[in-house]
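# A look at the structure
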Amino acid sequence: MSSTPEPVIDANLAVALDALLAEQSVTRAAARLHTSPAAMSRTLARLRRVLQDPLLVRAGQTMVPTPRAQALRDEAAAVVRSLGALLAPGTGVDPAVLRGTFTVQAADLVGAALAPGLLRLARQEAPGVSLRFLAEELEAGQALRDGRIDLEVGSIDHVDPETRVEELVTLRMAAAVRPGHPLTEGAALTPDRLAAAEHVVVSRRGRFSGPLDTALAERNLRRRVSVVLPSHMTAMALAARSDVVCLVPTALPGGAGSPLTDVATTLGLVLLDIPLPLPPLTVGIAWHPRQAADGGHHWLRDAVRRTLRAPGNPGT
């Protein structure tokens, strides 16, 4: 049993109809659509066949619309406006009309630095948007691909050719201690004094070592790690109430302040320069290409950039 094929809709005819009815002139309609009068005449003839109406008829030196054309004029204009909105780049969306929830995956320290500023921007620019932060519990590449998260923020260490990655800010690690800690007194901080102190390590996988241990080992030094915690927030809270040393990301020398240091400042921690060459920490964002042109996602990415890049940081 054969079925009747669906009619083929030519959107160009709607655009031409709108121009012809608005201009009531083949020549002016052709100029409006950047085509030739001859081509526009052929299009008018086609429209007359499709709609079974002359649409525009000669009246002296001008052309006037038929009653059917007058009835179609507003509808044709509305259709063309809808087509324009449908085919416009998604990045042009007005944040004020956005509705829905964005899911961001980030480590607790990054989330704590990001949430206040991002929430403030959402209230000011996109009040219909809600934010959901997830801990680093999902495989980010797959979660971005599946749509379980909209954006990953932090140190992007997975290699996925599908994923778009943008680096936002480069930081360095500092030693955070409570006021009055022995490392804040006396002589300048040296690798030996740092190694001799009691340390807390942050690792979701329970690892006791990291880049600091590698740098110390090159000087035949080894630090004393008393505890390993999965959370930066917990580690900083412990450092504020004991003599353990906690590593905290902070701005590069001469750079603007970083919101990733705000929690340490709130806890009253003192940040000490580490006298060792440690690799920098780069914080970035990752997202799936299918959302690259989405207007709402474009606003989210821009809001994260503005939140994490303090004034004066590169890339603002």
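Here goes a summary of the coordinates provided. (Residues numbered from 1 in each chain as written. Predicted model: local features only at pLDDT ≥ 70, side-chain atom pairs only at ≥ 80, totals over all residues. Heavy atoms only, no water.)

## Notes on the overall build of the protein chain
So the rule is basically this: The numbering of helices and of strands both runs from the N terminus, where a helix is a DSSP run of H or I of at least 4 residues and a strand a run of E of at least 2. Each radius of gyration reported is based on C-alpha atoms, and the globular scaling rule is 2.2 Å times the count of residues to the power 0.38. Pairs of residues are marked as contacts when any of their non-hydrogen atoms sit within 4.5 Å. In this description, accessible areas are obtained by the Shrake-Rupley approach with a 1.4 Å probe, and a residue is regarded as covered only by the protein chains that are shown. For the purpose of charge, His is not counted, nor are the chain termini; Lys and Arg are scored as positive and Asp and Glu as negative. Where a charge lies is defined by one atom per residue type, namely NZ (Lys), CZ (Arg), CG (Asp) and CD (Glu).
Check the secondary structure of the protein chain and you find eleven helices and eleven strands. For 316 residues, the compact-globule estimate of 2.2 N^0.38 gives 20 Å, and the C-alpha radius of gyration of the protein chain, at 31 Å, exceeds that figure by more than 25%. Along the longest, intermediate and shortest principal axes, the C-alpha atoms of the protein chain span 100 × 50 × 35 Å. The long-range fraction of contacts in the protein chain, counting pairs at least 24 apart against all pairs at least 6 apart in sequence, stands at 74%. Accessible surface, the protein chain as shown: approximately 17,200 Å² in total, 54% of it carbon and sulfur. One way to put it: in the protein chain the 33 positive side-chain charges average out to a point 5 Å from where the 31 negative ones average out.

## Describing helix H5 (residues 108–125)
For clarity, the cut-off: What a helix should span is 1.5 Å times the count of its residues minus one. Only protein chains enter the accessibility calculation, which uses a 1.4 Å probe; a residue is then buried when its area is under 20% of its type maximum, exposed when over 50%, and partly exposed in between.
Look at H5: 25 Å from first C-alpha to last across 18 residues, which is about the 26 Å you get at 1.5 Å a residue. All of the buried residues in H5 are Leu109, Val110, Gly111, Ala113, Leu114, Gly117, Leu118, Leu121 and Ala122. On its buried face, H5 is in contact with strand E3 (100–106), strand E4 (129–134), strand E5 (151–154), helix H9 (232–241), strand E9 (246–251) and helix H11 (295–308).

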